[in-house]
Amino acid sequence: MMIRQWIGLAVFSVALLPAGIALLTGRLPQRLRPRLAPMRPRGLAFLAFSAGAPLDTTPRLADASPLTILAATGLSMVATLTGCAVVIVATRQTRATP
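Small disclaimer: the values here were computed from a predicted structure and weren't measured.

S.K.: Hey, could you run me through the overall build of the protein in this one?
M.R.: A tally of regular secondary structure across the protein gives 3 helices and 0 strands. Secondary structure elements in the protein, listed N-terminal to C-terminal, are α-α-α. Summarising its shape, the C-alpha atoms of the protein cover approximately 50 × 25 × 15 Å along the three principal directions. Within the span of the protein, comprising 98 residues, buried residues form 24% of the whole. Look at the contacts in the protein between residues 6 or more apart in sequence, and 56% of them connect residues 24 or more apart.

Now the structure itself:
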């Protein structure tokens, strides 16, 4: 049963990684560019969101100590909150620019 969870984590991580990298490098279809105006900050935020799942899940699947699991959960929360802050700042800067 545990191998299925590892496979699921790997598939999830690998499936979302190209989207974040595409946003970070600005390689998007022309029709999506206006909707995702500040692409680089949104790419960083997306990668921060994507990093939260492996950070939180890996110690649990590896049967680590409770202290390690707590630290990893805290790190995943910091990564996710950082991604939220980056999206908020990028959106406000885009709206403020005429």
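S.K.: How should the packing of helix α1 (residues 2-25) against helix α2 (residues 39-61) be read in this particular structure?
M.R.: Helix-helix packing is characterised by the crossing angle of the two axes and by the distance between the axes. Where α1 contacts α2, the two axes come as close as 8 Å, and the packing angle between them is 170°. When the axis of α1 is compared with that of α2, the two are roughly antiparallel. Here α1 runs over α2; the crossing is left-handed. Residue classes in the contact of α1 with α2 are distributed as 17 nonpolar, 7 polar and 2 charged.

S.K.: I'm lost on α2 in this one. Help?
M.R.: Spanning 23 residues, α2 covers 33 Å between terminal C-alpha atoms, matching the ideal 33 Å at 1.5 Å per step. Turning to α2, its buried residues number three or more, namely Met-39, Arg-42, Gly-43, Ala-45, Ala-48, Ser-50, Gly-52, Pro-59 and Leu-61. Trailing α2 by a residue or two, Asp-63 shows a phi angle of about 60°, which is positive.

S.K.: Is there a simple way to explain the pattern of salt bridges in this structure?
M.R.: Per the counting criterion, the structure on display carries 1 salt bridge. Across the pair Asp-56 and Arg-60 runs a salt bridge whose closest N-O atoms are separated by 3.3 Å. Of this pair, Asp-56 and Arg-60 both sit in helix α2, separated by 4 residues, roughly a single helical turn.

S.K.: What am I meant to see in α1 here?
M.R.: The α-helix winds at 3.6 residues per turn, so residues separated by three or four positions along the chain end up facing the same way. The end-to-end C-alpha separation of α1 is 35 Å, in line with the 34 Å expected for 24 residues at 1.5 Å each. By the burial criterion, the buried members of α1 are Leu-9, Gly-20, Ala-22 and Leu-23. Close packing links the buried residues of α1 with α2.

S.K.: Is there a simple way to explain a nonpolar patch on the surface in this structure?
M.R.: Together, Met-2, Ile-3, Trp-6, Ile-7 and Val-11 make up an exposed nonpolar region whose accessible area comes to about 480 Å². With respect to the secondary-structure elements, Trp-6 resides in helix α1.

S.K.: What's the story with the environment of Gly-52 in this structure? I'm lost.
M.R.: One can find Gly-52 in helix α2. Overall, Gly-52 belongs to the buried group, its relative accessible area being 6%. As for Gly-52 and Ala-71, which are separated by 19 residues in sequence, their C-alpha atoms are 12 Å apart. Apart from residues lying up to four places away in sequence, Gly-52 is in contact with Ser-76 and Thr-80.

Reading the values: the criteria
Residues numbered from 1 in each chain as written. Predicted model: local features only at pLDDT ≥ 70, side-chain atom pairs only at ≥ 80, totals over all residues. Heavy atoms only, no water. Helix = DSSP H or I, 4+ residues; strand = E, 2+ residues; numbered from the N terminus. Buried < 20%, exposed > 50% of the residue type's maximum accessible area, 1.4 Å probe, protein only. Contact = heavy atoms within 4.5 Å. Axes fitted to C-alpha atoms, helices over the stretch in contact; angles between N-to-C directions. Parallel < 35°, antiparallel > 145°, perpendicular 65-115°, else oblique. Left-handed = near helix turned anticlockwise from the far one by under 90°. Nonpolar A, V, L, I, M, F, W, Y, C, P; charged D, E, K, R; others polar. Expected span 1.5 Å × (residues − 1). Salt bridge = Lys/Arg side-chain N within 4 Å of Asp/Glu carboxyl O. Patch = residues over 30% accessible without salt bridge, like charges linked within 9 Å, V, L, I, M, F, W, Y side chains within 5 Å. Areas by Shrake-Rupley, 256 points an atom, 1.4 Å probe, with all protein chains shown as cover.

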